[in-house]
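One-letter residues, chain by chain:
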Amino acid sequence: MHRLSCLIISLCLLLAVTACDQTASDSSNQQALVISGEIDIQGKVNGKSGSSLTLRLENLSALPNGNAVIVEKKTALEKPQQPVPFKLRVYRDQLQIGTSYVLRIIYQNAEGRRWTSSRLYSINRATEETRLGKTPLEPVMPMETRKPQLFLCGKKTIKLLEQNQKAQLHLQDDVYHLQNVASASGARYQSADGKIVFWNKGNEAMLSMAEFEWPTCARVSEDVLALFPFRAHGNEPGWTLSANVDEVVLDWNYGQQHLIMPYPELNLTQSGFVLHSETNVPLLKVNVLNSLCQDSMTGRPYPQHVELHYGDLHLSGCGGDSYTLLTGKEWIVEDIGGQGLIDFTRVTLQFDSEGRLHGHASCNQYTTAYEFNEQLDIADPIATRKSCAPALMKQEQRFLNLLSEVERLDFDSSGALLLSTASGRTLTARR
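Being a predicted model, the structure only gives us computed values, none of them experimental.

Draft legend 1. Up close: the side chain of Gln149. Considering the arrangement of structural elements, one finds Gln149 in strand S9 (residues 149-153). We classify Gln149 as buried; its relative accessible area is 17%. Within the structure, Gln149 has its side chain in polar contact with the side chain of Arg219 (distance 2.4 Å). For Gln149, the residues in contact, after removing those within four places along its chain, are Ile158, Lys159, Leu160, Glu162 and Arg219.

Draft legend 2. Seen up close, the sheet that holds strand S18 (residues 230-234). Reading across from one edge, S21-S20-S19-S18-S28-S27-S24-S23-S22 is the order of the nine strands in this open sheet, with antiparallel pairing throughout. Each edge of the open sheet is held by one strand with a lone partner, namely strand S21 (257-262) and strand S22 (265-268). The mean angle between the axes of side-by-side strands here comes to 20°, regardless of whether they run parallel or antiparallel. Bridge analysis of S22 against strand S23 (residues 272-276) gives four bridges, and the strand direction is antiparallel. Each residue of the ladder has a partner; that of Asn267, found in S23, is Val274.

Draft legend 3. Quick look at the state of the cysteines. For the structure on display, the rule yields three disulfides. Covalent S-S linkage joins Cys153 and Cys217, the inter-sulfur distance amounting to 2.1 Å. Here the S-S torsion is close to 120°, and the disulfide linking Cys153 with Cys217 is therefore right-handed. Residue Cys153 is located in strand S9, and its partner Cys217 is located in strand S17 (residues 217-219); the two are separated by 64 residues in the primary sequence. Here Cys153 falls in the buried class, since its relative accessible area comes to 0%. The connectivity of the disulfide-linked cysteines in the protein, indexed sequentially, is 1-2, 3-4, 5-6.

Draft legend 4. Geometry of unusual backbone geometry. With an omega dihedral of -5°, the bond running from Glu236 to Pro237 counts as a cis peptide bond. For Pro237, the location among the structural elements is in the loop between S18 and strand S19 (239-243). Unlike most non-glycine residues, Glu236 shows phi in positive territory, near 50°. Glu236 sits in the exposed class, given a relative accessible area of 70%. The backbone of Phe344 sits at a positive phi, close to 65°, despite the residue not being glycine. Relative to the helices and strands, Phe344 resides in the loop between strand S29 (331-336) and strand S30 (348-351). A relative accessible area of 88% places Phe344 in the exposed class.

Draft legend 5. Focus on the pairing of strand S28 (residues 313-319). Among the seven residues in S28, five count as buried, and that is most of the element. Pairing of S18 with S28 involves two bridges; the strand directions are antiparallel. When the bridges of S28 are listed, Ala232 appears paired with Gly319.

Draft legend 6. Expanded view of the packing of aromatic side chains. All told, the structure shown has eight aromatic pairs when counted by the stated rule. Centre to centre, the rings of Tyr323 and Phe372 are 5.9 Å apart; their planes meet at 65°, and the pair counts as edge-to-face. Of this pair, Tyr323 sits in the loop between S28 and S29 while Phe372 sits in strand S32 (residues 365-372), and the two are 49 residues apart along the sequence. Overall, Tyr323 belongs to the partly exposed group, its relative accessible area being 23%. Judged by centre distance (6.2 Å) and plane angle (45°), the ring pair of Trp331 and Phe411 falls under tilted. On the criterion of sequence distance, the pair formed by Trp331 in strand S29 and Phe411 in strand S35 (residues 406-411) is long-range, its members being 80 residues apart. A residue is classified by how much of its surface remains accessible, and Trp331, at 3% relative accessible area, is buried. Three or more aromatic residues link up through ring pairs in this structure, and these residues are Tyr323, Phe351, Tyr370 and Phe372. Between Arg300 and the ring centre of Phe372, over which it is positioned, the NZ or CZ distance is 4.1 Å.

Draft legend 7. Looking closely at the nonpolar core. Judged by nonpolar contacts, the single largest core of 30 residues is most densely connected at Phe230, Trp239, Leu241, Leu250, Leu284 and Val286. If you look at the next biggest cluster of nonpolar residues, it comprises 26 residues, including Leu325, Leu326, Tyr370 and Val406.

Draft legend 8. The arrangement of the pairing of strand S1 (residues 32-41) in detail. By the criterion of burial, S1 is predominantly enclosed, with eight of the 10 residues buried. Sheet topology note: the S1/strand S4 (residues 84-91) ladder contains eight bridges and is antiparallel. Within S4, the residue paired with Ser36 across the bridge is Lys87. Relative to strand S8 (residues 129-139), S1 is paired through seven bridges, and the arrangement is parallel. In the sheet register, Asp40 faces S8, and the bridge partner there is Pro136.

Draft legend 9. A look at the pattern of salt bridges. With the rule as written, the count across this model stands at seven salt bridges. When the shortest N-O distance is used, the salt bridge between Glu129 and Arg131 registers 3.0 Å. Using a relative accessible area of 39% as the deciding quantity, one classes Glu129 as partly exposed. With a relative accessible area of 67%, Arg131 lands in the exposed category. Taking the shortest distance from any N to any O, the salt bridge between Glu405 and Arg425 comes out at 2.7 Å. Placement of Glu405 in the loop between helix H3 (390-404) and S35 and of Arg425 in the loop between strand S36 (417-421) and strand S37 (426-430) is noted, with a sequence separation of 20 residues between them. What makes Glu405 partly exposed here is its relative accessible area of 39%.

Draft legend 10. The environment of Leu88, seen in detail. For Leu88, the location among the structural elements is in strand S4. Spatially, the C-alpha atoms of Leu88 and Ser36 are 6.4 Å apart, while their sequence positions differ by 52 residues. Dropping the residues within four chain positions of it, Leu88 is found in contact with Leu33, Val34, Ile35, Leu55, Leu57, Val71, Lys73 and Leu103.

Calculation notes
- Residues numbered from 1 in each chain as written.
- Predicted model: local features only at pLDDT ≥ 70, side-chain atom pairs only at ≥ 80, totals over all residues.
- Heavy atoms only, no water.
- Helix = DSSP H or I, 4+ residues; strand = E, 2+ residues; numbered from the N terminus.
- Buried < 20%, exposed > 50% of the residue type's maximum accessible area, 1.4 Å probe, protein only.
- Polar contact = N/O pair within 3.5 Å; in protein donor to acceptor, adjacent residues only side chain to side chain.
- Contact = heavy atoms within 4.5 Å.
- Pairing = 2+ DSSP bridges.
- Axes fitted to C-alpha atoms, helices over the stretch in contact; angles between N-to-C directions.
- Disulfide = S-S within 2.5 Å.
- Phe/Tyr/Trp six-rings, centres within 6.5 Å; stacked < 30°, edge-to-face > 60°.
- Lys NZ or Arg CZ within 6 Å of the ring centre and 35° of its normal.
- Core = buried A, V, L, I, M, F, W, Y, C linked by side-chain atoms within 4.5 Å.
- Salt bridge = Lys/Arg side-chain N within 4 Å of Asp/Glu carboxyl O.

The values are spatial; any link to function lies outside them.
In structure tokens, the structure reads:
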């Protein structure tokens, strides 16, 4: 009996110790980590209200594939005076052992101009408090000041803006400040603290952050970049889409409904591209087919068919710039008003993006201006005064007269350009 009592007491003590250990472990995991400091904004900052400070604790290893934000705190600042103190609290059970975490800082003033931290601030899970002191923030170059290079790294779109010997790496709404450094080949950029390195040569690039290696990056081709800014529209219900590399705006139901998607991610597909943002749950999927599309109301041709999907919303219409159907390579005229051309003669059309049309008229060179809105309007052409055989001069005059009367354009199933007058006479040209 005495032995049984001792055994029971020992078991109770063991359970009590285990419970204490578990409680201590739970308490340790739930213990708050405090990150504090003061932001030091480089450059002139006005004291207007309406500015904000965003603090983010991010998991570096999750950045290439999805949402890396562990904790985010956004604070409105009323008439901020430098330096601006900050504090972020995170619990240890939100963090994984052996994972790299960094603090990112974004300041935005009332006019929308942004500053971001110039270095990576690594956070140690085992530390109860991290005091960063003064953290310098550098201004972000507006995207419109430079044409960015785009790279697809994992599932992320990275934009690189270069200026003199510096560069900025845009990743969603965050920006990393880099400097050009010597490289045996290609272009190499790194942050002032050396924790971020971006190196590219040709169509490939490598990116590392605090020794975490991203998947190999591939440069987005010029053909894809030429799509942007991309515009599309459709009817019934009326909708418009304006997509650039830093913002997407969608209006539908004749402007009654509106979507703004800042800092979109770009994923390329065989038939177009997919745009999405961490701030919007539904994907905005834009399928672009490079084939002639005619507006269902005006009949105006466009270079692409467009299908748009956003949640349960499905829309179709036309996209691209109609002028690109005309500009580029020169058109060779094959027929003038159904009367053909004299053998071995040359009649051409060369449209440029500035509204100028010129070419060879049979004997002489000609030039004129054109506008392409709801219909094609071509001014009376001016030709040089060279004299040729009568038959050639007659063909030239027939061409120039018909050209000045053109009102609309179309394309046949083989891609030939058809320029038509109000009376139905047509110029046929092909590339």
